[in-house]
Amino acid sequence: MTLLIGALTLGTILALLAIGVYLSFRIFAIADITVDGSLTLGASVTGVLLIQGSLHPLLATGAGFLAGMVAGMVTGVLQTRFRINPLLSGILVMTALYSVNLRVMGRSNLPFLGATTLSTLCEQLGVRWLGGERIELFGWEVASGDVTVLLLMLLFVALVAILLWAFLKTDLGTAMRASGDNPQMVRAMGGNVEAFRVVGLALANGLVGLAGSLWAQYQNFADAQMGIGMVVWGLASVIIGEAMTGVAGVGLAITGAILGSILFRELVAIALSFGLNPNDLKLVTAAFVFVALVLPETLSRLSVQRPRGQQEVA
Amino acid sequence: MSPSTVMVRLGKASKTFHAGTVNEVRPLQNVDLEIAAGSFVIVLGGNGSGKSTLLNAIAGSFLLDSGQIELDGQNVTDWPEHKRAALIGRVFQNPFSGTAPNMTIAENFALATRRGLFRGLGWATSSQRMEELRDRVRDLKMGLENRLDTAIGSLSGGQRQALTLLMATWLKPRLLLLDEHTAALDPKSADQVIALTDQIIHRENLTTLMVTHSMQQAVNLGDRIVMMHKGRVLHDFDARKKRRLGTDDLLAIFENIRRRELLDEGAAEMLRQQYV
Ligand SMILES: Nc1ncnc2c1ncn2[C@@H]1O[C@H](COP(=O)(O)OP(=O)(O)OP(=O)(O)O)[C@@H](O)[C@H]1O
Ligand SMILES: [Mg+2]
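Residues numbered from 1 in each chain as written. Chains lettered and ligands numbered in written order. Predicted model: local features only at pLDDT ≥ 70, side-chain atom pairs only at ≥ 80, totals over all residues. Heavy atoms only, no water.

This part takes up the overall build of chain B. A tally of helices and strands in chain B yields nine helices and ten strands. What you see for chain B is a C-alpha radius of gyration of 20 Å, in line with the 19 Å of a compact globule of 276 residues. The principal-axis extent of the C-alpha atoms belonging to chain B is close to 75 × 40 × 40 Å. Evaluated residue by residue, chain B yields a buried proportion of 49% over its 276 residues. Contacts in chain B between residues at least 24 apart in sequence constitute 68% of all its contacts with a sequence separation of at least 6. Total accessible area on chain B stands at roughly 13300 Å², and carbon and sulfur atoms take up 50% of it. (Helix = DSSP H or I, 4+ residues; strand = E, 2+ residues; numbered from the N terminus. Rg over C-alpha atoms; globule rule 2.2 N^0.38 Å. Buried < 20%, exposed > 50% of the residue type's maximum accessible area, 1.4 Å probe, protein only. Contact = heavy atoms within 4.5 Å. Areas by Shrake-Rupley, 256 points an atom, 1.4 Å probe, with all protein chains shown as cover.)

Glancing now at the site of ligand 1. Residue and element names in this part refer to chain B. Near ligand 1, the surroundings consist of 14 residues, among which Asn47, Lys51, Ser52, Thr53 and His213 are the closest. Taking Lys51, its side chain carries an N or O atom lying 2.7 Å from an oxygen atom of ligand 1. For ligand 1, whose unbound accessible area comes to 630 Å², protein coverage reaches 67%. Among the secondary structure elements, those contributing two or more residues to the shell around ligand 1 are β2 (25-36) and α1 (51-59). In terms of residues, the shell around ligand 1 owes the most to one element, α1, which gives three residues. A class-by-class count of the residues in the shell around ligand 1 yields three nonpolar, nine polar and two charged. (Near = heavy atom within 4 Å. Polar contact = N/O pair within 3.5 Å; in protein donor to acceptor, adjacent residues only side chain to side chain. Nonpolar A, V, L, I, M, F, W, Y, C, P; charged D, E, K, R; others polar.)

Here we take up the packing of aromatic side chains. Residues and elements named next belong to chain A. Within the structure shown, the criterion is met by five aromatic pairs over all chains. Here the aromatic cluster, defined as three or more aromatic residues joined through ring pairs, consists of Trp233, Phe264 and Phe288. Lying across the ring of Phe82, Arg81 places its NZ or CZ 5.7 Å from the centre. (Phe/Tyr/Trp six-rings, centres within 6.5 Å; stacked < 30°, edge-to-face > 60°. Lys NZ or Arg CZ within 6 Å of the ring centre and 35° of its normal.)

All names here are of chain B. For strand β7 (residues 175-179), the buried fraction is high: five of the five residues fall into the buried class. Taking every second residue as pointing to the same face, both faces of β7 are buried, with Leu175, Leu177 and Asp179 on one and Leu176 and Leu178 on the other. Judged from the four bridges that link them, strand β6 (residues 88-91) and β7 form a sheet pairing that is parallel. Of the residues in β7, the one forming a bridge with Ile88 is Leu175. Of the strand pairs in this sheet, β7 and strand β8 (residues 208-211) are connected by four bridges, and their pairing is parallel. Paired with Leu178 across the two strands is Met210, which belongs to β8. Following the chain from β7 across helix α6 (residues 187-204) to the adjacent parallel β8, one finds a crossover that is right-handed. (Pairing = 2+ DSSP bridges. Right-handed = clockwise from strand over helix to strand, strands pointing away.)

In structure tokens, the structure reads:
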């Protein structure tokens, strides 16, 4: 039971990563590998602020979000202002971020021992609310702290998802979405397509940084390697989510990304408990995304409709 | 604004693509053009004569190599496309170009209601906007007013062009640019869209540049014909002259251009044989 709750919590936290990848992959049609670096950046910035700055966990978490945004902004500027190929822009920023993260942490692994994190705050709240270290849940005895962390994370992710959904429905958010769908039309309507892309990638990587920050606080350490392969992880979650909810609307797609993330983490936990070698995890994840991408027929039978490419006209 | 005000002024506008290569093309060569406010100009010319390039240059899809563009008294020569969009409404030849296919009709129009304006955090498909939208879409008599939440990409080309036209003119543009906007449609849809075009242009008294390959449209619509050839304005018929032109006259002019061109090529061939 504790294992299940752990997997659910991690799946919920990484839903923020999935939402971020949804933004860059489905709205701007970019597999944005900046994610691998910005996840770690969110974690390392939060960690250092918690440990050396003794900042309130909420502020440190916010800083992780902002750090991710800056990373996404840099990628966006490389793509638009300097016209560097989107994939290469992401690779450049990800590579640079590896050094930046080592600089920020001062080492490759930063334990949060003794620091007050969002997770420890949640656990304290849980003990106070639920009146005891352990409670009974469906007949199992579990730590009340674990349950509270899960519930609060679910609540937080739901809040972020609703805010993002609302933003994408505003004038600005609608124009941003359209700029990925048909940049020519958006320009003709007076939209600055390049600026929208920078804002969109900043937002996407901000969410990823937030995921990294929460993940690190949950596992109580930040690690320079923790972001490796996470863009593929996010893609897997998005694809699973689309199979579940379809993509017939922003709200459904965001819900799908969240559910996909939780389900994917759950599947991984099950596979690991059945003896999957953790070292093979990235291989399996990549293979999964590959299969999902080369079997569009299978997917389109499952999901409603996939976004189409752009039409260029002379 | 008096009818004699100039809305568009091009001064020695030039554009060369692929300069210095074997593929060099010069679709705009020192073009001088003045368009009075409220006039409806038909642009004719053969394939590759520079009609689309002329419209794209005015819209700002690229910047001129040399020359000037004034719109409504402002020098917009260096303005990026999205800034000029505050003054310009556009409908493209390809029905896919003017709409965001995966977004709903309502969302597409939400974009149009803020053309050239600041976009903030207001709700894009507010009920007030939707009400107005439903009324104006109902006027199209295409039965689309009850389908505002369907993806615009699922509509026919004719429906999309009609909607794009409505979007381009939702906020009254200083200039409307139409680039063969019915060329990709079947004859019946094309007629519908042309009727709508004429109706909107007259109702709003819009200054318009319309490219077409249809002599019929050229004769029936507009109050001036500009004919392009090899990046230059070859003929310019004002309202008085245009009234006297029939489709046959226009075809004869085209034939003339073609013959002169053959003559040119024949002469060049002769010279080549003599000197090479
Ligand atoms: N963006 C561009 N890059 C390179 N060449 C271009 C570009 N736009 C136009 N051209 C070239 O300029 C020339 C004029 O093209 P343009 O599209 O203006 O012709 P047009 O009069 O609109 O012809 P059509 O009737 O076929 O639409 C063509 O040779 C075309 O290939
Ligand atoms: Mg053309």
